[in-house]
Amino acid sequence: MDLSAWFRPGIASALLLYSFAVFAGNISFGLSLTGTQLTITNTGDSTAFYPTSLSLLQDGRWLPLQPGAGQQRPAELAPGEHLELTWPDARPLAELPALLRLRPVMVRFFDQAGVGFGQISFFNPPPPARATLKAAYVHGQLRIIPPASGSAIRATWVLWPQEDGIEPIASPLRLANSQPPAFRFVWRGNMSPVYLATGGGLPEVLLLHETAQGYQLQRVAAGWAPGEQQRAAWLRASPLFYRLGSIAAVAALLLAIAALLRGRVKS
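Residues numbered from 1 in each chain as written. Predicted model: local features only at pLDDT ≥ 70, side-chain atom pairs only at ≥ 80, totals over all residues. Heavy atoms only, no water.

A.B. asks: Explain the packing of aromatic side chains residue by residue, including any values.
C.D. replies: The full count for this structure, using the stated rule, is six aromatic pairs. Geometrically, the ring pair formed by F29 and F109 is edge-to-face, given 5.2 Å between the ring centres and 65° between the ring planes. Pair noted here: F29 is in strand β1 (residues 29-34) and F109 is in strand β8 (residues 104-110), with a separation of 80 residues, a long-range link. In this pair, the class of F29 matches that of F109, namely buried. A ring pair is formed by F183 and F185, whose centres lie 6.4 Å apart and whose planes are at 35°; its orientation type is tilted. Here F183 falls in the partly exposed class, since its relative accessible area comes to 35%. (Phe/Tyr/Trp six-rings, centres within 6.5 Å; stacked < 30°, edge-to-face > 60°. Helix = DSSP H or I, 4+ residues; strand = E, 2+ residues; numbered from the N terminus. Buried < 20%, exposed > 50% of the residue type's maximum accessible area, 1.4 Å probe, protein only.)

Rendered as structure tokens:
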């Protein structure tokens, strides 16, 4: 009996499922600042489209940076390529307000599907926060619980790269980088939890806490696992569907074995 006839459908099914897998590339950036020249290098393995960079202003607004003299903003930045922009503030660090001494900078870009992302970093990063706030995503919004009375945290800047996830690509493509300003909360007694909308992509959020020892940084995890927001809906199904699928797979295997045994008996 030719057993390959029984295996061919299984192999075909496996290949079909394999074809549904999405191998997302990696896009990340290396940054350097020399005087007023900011150099951004694509250190990932995939092309970033319409990259741009923004620096944080004292009032929380993000200022788009302009290309250097004689240069134009590229439509794409391939792995290993770099982009040069002009840093807007040439003052020495000692003359800058405390927030700007951290030199916060954001890089925004689109992937090949048209999904927008952002990366926030600091040229002078603050130390990790000793005292932290309870903060996490709840029903699609970031919830921050104010500190208890007597906390070392006096105020908090909330920074995030606006990421709307995959929903916008169902509409006519808009390749405009839109970034809301950062928010600053001064904590007082008996405050209610704070809720913020950071976009459907639920990105990682940075909390810059103002303390007597200066700024300290707390990171709030993204609402999705890395790359999960771009996975097909059936891959994000509830555990019930996974259990049902496993049961169906086992049942199909048992039926195939039973059919094979019947064939041997008849022969």
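Alright, that's what it looks like, and here's the rest.
A.B. asks: Any details on the sheet that holds strand β11 (residues 141-145)? Residues and values, ideally.
C.D. replies: Pairing is antiparallel in the open sheet, where three strands are placed in the order β10-β11-β14. Every interior strand has two partners, whereas the edge strands, β10 (134-138) and β14 (194-196), have only one. Strand-to-strand twist in this sheet, taken as the mean axis angle between neighbours without regard to direction, amounts to 20°. Here five bridges tie β10 to β11, and the two strands are oriented antiparallel to one another. If you follow K134 over to β11, its bridge partner there is I145. (Pairing = 2+ DSSP bridges. Axes fitted to C-alpha atoms, helices over the stretch in contact; angles between N-to-C directions.)

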